[in-house]
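Spelled out from the first residue to the last, the chains are:
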Amino acid sequence: MRKSVWVGWILLVAVACKSHRSTPDVSGIRIDLQVQRFEIPFFALDTNHLNRSLQQLAEKYPGFTQDFLFNILGTTPDNASKDVPRFIRTYQSLSQASAKKYADFSPVENSLRRGLQFLHYYFPSYKLPARLITFIGPINSYGNIITKDALAVGLQLYMGKDYPLYQDEQGQALYPAFVSRRFEPQYIAVNCIRNIVDDMYPDQSSGKSLVEQMIESGKRQYLLEKLLPELPDSIRTGYTAQQLAFCRHNEQQVWSFFVQNDLLFSNDPNTARDYLTDAPNTAALGESSPGNIGQFVGRQIVDKWVDAHEKTSLDTLMKMPAGKLFEEAKYKPR
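Just so we're clear, the structure is a prediction, and the values are computed from it rather than from any experiment. (Residues numbered from 1 in each chain as written. Predicted model: local features only at pLDDT ≥ 70, side-chain atom pairs only at ≥ 80, totals over all residues. Heavy atoms only, no water.)

(A) The overall build of the protein, seen in detail. Each helix and strand counted, the protein has 18 helices and four strands in total. Its C-alpha radius of gyration of 22 Å places the protein within 12% of the 20 Å reference for a compact globule of 334 residues. In terms of overall dimensions, the protein has C-alpha extents of about 70 × 45 × 40 Å along its principal axes. Within the protein, the proportion of its 334 residues that are buried is 51%. Sequence separation of 24 or more characterises 68% of the internal contacts of the protein that already satisfy a separation of 6 or more. Carbon and sulfur atoms make up 50% of the accessible area of the protein, which totals about 16900 Å². A gap of 4 Å separates the mean positions of the 37 positive and 35 negative side-chain charges of the protein. (Helix = DSSP H or I, 4+ residues; strand = E, 2+ residues; numbered from the N terminus. Rg over C-alpha atoms; globule rule 2.2 N^0.38 Å. Buried < 20%, exposed > 50% of the residue type's maximum accessible area, 1.4 Å probe, protein only. Contact = heavy atoms within 4.5 Å. Areas by Shrake-Rupley, 256 points an atom, 1.4 Å probe, with all protein chains shown as cover. Lys, Arg positive; Asp, Glu negative; His and termini not counted. Charge placed at Lys NZ, Arg CZ, Asp CG, Glu CD.)

(B) Fine view of the nonpolar core. Core analysis: the largest hydrophobic core is formed by 100 residues, its most contacted members being Phe42, Phe68, Phe258 and Ile301. The contact partners of Ile301, leaving out residues within four places of it in the chain, are Val211, Ile215, Trp255, Leu325, Phe326, Ala329 and Tyr331. (Core = buried A, V, L, I, M, F, W, Y, C linked by side-chain atoms within 4.5 Å.)

(C) Fine view of the pattern of salt bridges. A full pass over the atoms with the stated rule returns 18 salt bridges. One salt-bridge network, in which partners are shared between bridges, spans Glu225, Asp233, Arg236, Arg299 and Asp303. (Salt bridge = Lys/Arg side-chain N within 4 Å of Asp/Glu carboxyl O.)

(D) View of unusual backbone geometry. Positive phi outside glycine occurs at Asp262, with the angle close to 50 degrees. In this structure, Asp262 sits in the loop between α14 (251–260) and α15 (269–276). We classify Asp262 as exposed; its relative accessible area is 66%. Its identity is not glycine, yet Asn292 carries a phi of approximately 55 degrees, on the positive side.

Such coordinate-based values are descriptive only and should not be taken to indicate function.
See below:
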């Protein structure tokens, strides 16, 4: 009986979210995106003639080779001769596993291309990235980077939630299970597009009231749905399907919790941390709730406002002061 109830709520979430979607036809928009698998030639470097091999690599991948060595790997020109061979030895097995896992990279590429089509449709003046570069960096390094002309993806953080490196003591200390469960290929496109959204609209809500910060987070979720309408809601939000069901089923109670505890206009950074950062759940709302539940609340407020302003452009929405949007939305779930 419990299983059938959960299935019902999951279906309700899907139907509810689809009601906000109006998907344009973007199939005619051409996206010129060159995929470059940087990690393949990097791990094939001739370490016996490292300087010459690195020079050849830099000629093939201008700009990014330097970024990788000095900003991702964290070496220096003086130390590269020791650091690069040591890194290659340490991560060789991950490189081999990555080559097998991503032998066919087209599903990731196609999902990202689709997102870039919608991005160009809604924001034709935004300069799209020309390259998608994959690399393998240290386990504690970047998973997603945006440069002036490229998106870069660290595959060391997309090896699948059960990859052994995430399960050992060091991996668990860095990335507990509620984080590493999202180290799956289907999260690559949404994290790349999220980087572009942050590039277009830098989040400047830090230090503002909790409700303003929640709304800014909700705006980003609304925009992600417009840019990646075919991805499941769980991938865009980072919630599990069960956590999404909890949010929908308890929307009124969640809102009442924030109102009754006078949290909406709090400027306390600890309050923002409790409700707007990743966590296995929101402690005050129980184990079934998601962490970062403020994202959900903010999205509901944004949806309420959009329902009354359907012709407003996405750019206008993203630039609208969160406090003004909150006043106009008159959000009150029933």
